[in-house]
Amino acid sequence: MTKDWGRKDLLGLEGLGAAEIEALLDEAASFQESPPKNVLAGRTVAFLFSEASTRTRSSFEEAALRLGAEPLSFSAAGSSLAKGETMLDTMKNLEAIGVTHFVVRHERSGVLEDLAPKVAASVVNAGDGWHEHPTQALLDLLTLRELWGGFKGKRVVILGDIRHSRVARSNLFALKKLGAKVTFCGPTPLVPDAFAAIGAQVEHDVEKALKGADAVNVLRLQLERMEQGFVTSLADYALSYQLTQARAALMKPDAPVLHPGPMNRGVEIASEVADGPRSLILKQVSNGVFVRMAVLAACDRGRTAHV
Ligand code: CP
């Protein structure tokens with residue numbers, strides 16, 4: 001139980017303390033052991049997704065159901081958002097219908113910082129632009145913590161399209177708070193040296209980055225966000241940065257491979273690595289349900305404490 005959680009929203013991990021992150025991981029782990037029933041009975045969760053999702057949306061829906069909440073069916077594309085209604089008006093109208101929690105994915109970075117204080121419902125960030133994807137990072141950390149017990153002295157490589165990645169930013173903030181080192185690796189246009197200013201070690205040579213690492217989290221090339229010129233070709237990228245078995249073998253023995261999905265097989269990761277013995281990719285997905293249960297429950301405690 002996250003006793004000290006006083007927040008109604010989870011918008012990112014940058015502003016959370018190490019103890020808050022650990023408490024969410026502890027609560028998620030406790031739900032694996034003994035799932036609570038009806039913690040969110042009488043609550044209604046709306047999913048406002050204006051970008052595509054498989055894992056995040058499905059696992060949030062499953063998490064809400066397992067906690068006894070009612071999921072509210074809502075499609076951004078078929079809603080009055082498409083007629084120009086603002087996000088805030090949409091959220092206030094859904095609140096009037098009885099929504100107590102919003103799970104939001106949006107293409108604009110930081111959009112929720114402005115909206116969340118203006119509604120009484122809990123707001124959970126399911127990925128905003130290039131900004132943060134906090135529950136993805138929490139499930140990544142839960143998966144690594146199961147293996148390691150803790151993060152002190154560990155070095156995690158995040159490999160790929162960091163520039164466009166909310167997952168990389170949330171992982172960096174959380175891993176550093178818990179005592180790990182983080183190396184961002186990829187070609188300069190996708191991993192600008194300026195990332196050193198927010199605490200990442202930046203390395204453009206993939207072999208150097210992976211040598212002796214404790215884990216690698218591989219990110220997909222976000223082709224839908226990419227302007228011309230970030231990579232010369234997918235084939236060139238794969239040649240220089242794809243996580244192959246030979247490259248994975250440069251890490252510590254048994255060092256795990258993570259990927260938030262969806263994967264571009266044969267581009268940023270070889271299929272034999274994605275499906276191989278080091279891969280924790282499907283374990284990440286399973287852990288996502290428990291992390292999202294913990295986040296929904298914790299935000300509900302914060303919300304009701306404010307009412
Ligand atoms: N990792 C992740 O956010 O996957 P989806 O886009 O499928 O939700």
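Above: the structure in question.
Residues numbered from 1 in each chain as written. Predicted model: local features only at pLDDT ≥ 70, side-chain atom pairs only at ≥ 80, totals over all residues. Heavy atoms only, no water.

Here we take up the sheet that holds strand 6 (residues 181–185). Ordered in space as 7-6-5-8-9, the 5 strands form an open sheet in which the pairing is parallel. Taken across any chain shown, the strands that pair with only one partner, and hence form the sheet edges, are strand 7 (201–203) and strand 9 (257–258). As paired strands, strand 8 (residues 215–218) and strand 9 are joined by 2 bridges and run parallel to one another. Counted as the bridge partner of V216 is V257 from strand 9. Sheet strands touched by helix 6 (residues 166–177): strand 5 (155–159), strand 6 and strand 8. Its angle to strand 6, the strand with the most contacts, is close to 155°. (Pairing = 2+ DSSP bridges. Helix = DSSP H or I, 4+ residues; strand = E, 2+ residues; numbered from the N terminus. Contact = heavy atoms within 4.5 Å. Axes fitted to C-alpha atoms, helices over the stretch in contact; angles between N-to-C directions.)

With 6 of 6 residues buried, strand 1 (residues 44–49) lies mostly within the body of the structure. Here strand 1 shows a buried face lined by T44, A46 and L48 and a second buried face lined by V45, F47 and F49. Pairing analysis gives 3 bridges linking strand 1 to strand 2 (residues 70–72), with the strands arranged parallel. Within strand 2, the position partnered with V45 by the bridge is P71. A crossover connection joins strand 1 to the parallel strand 2 through helix 2 (residues 55–66); in handedness this β-α-β unit is right-handed. Pairing between strand 1 and strand 3 (residues 101–106): 5 bridges, direction parallel. By the bridge assignment, F47 is partnered in strand 3 with V103. (Buried < 20%, exposed > 50% of the residue type's maximum accessible area, 1.4 Å probe, protein only. Right-handed = clockwise from strand over helix to strand, strands pointing away.)

Taken together, the neighbourhood of the ligand is formed by A52, S53, T54, R55, T56, R105, H133, Q136, P260 and G261. One of the backbone nitrogen or oxygen atoms of T54 is found 2.8 Å away from an oxygen atom of the ligand. Contact between the ligand and P260: a nitrogen atom at 2.8 Å from a main-chain N or O atom of the residue. By residue class, the composition of the shell around the ligand is 2 nonpolar, 6 polar and 2 charged. Here the shell around the ligand spans two domains, since at least three of its residues come from each of domain 1 (18–133 + 286–306) and domain 2 (134–280). (Near = heavy atom within 4 Å. Polar contact = N/O pair within 3.5 Å; in protein donor to acceptor, adjacent residues only side chain to side chain. Nonpolar A, V, L, I, M, F, W, Y, C, P; charged D, E, K, R; others polar. Domains from an automatic or database assignment.)

So, on to the environment of A46. Mapped onto the fold, A46 is located in strand 1. Put simply, A46 and L112 are 66 residues apart on the chain and 15 Å apart in space, counted from C-alpha to C-alpha. The residues touching A46, leaving out its near neighbours within four places in the chain, are L72, L94, V99, H101, F102 and V103.

Read these as layout, nothing more, since geometry by itself doesn't imply function.
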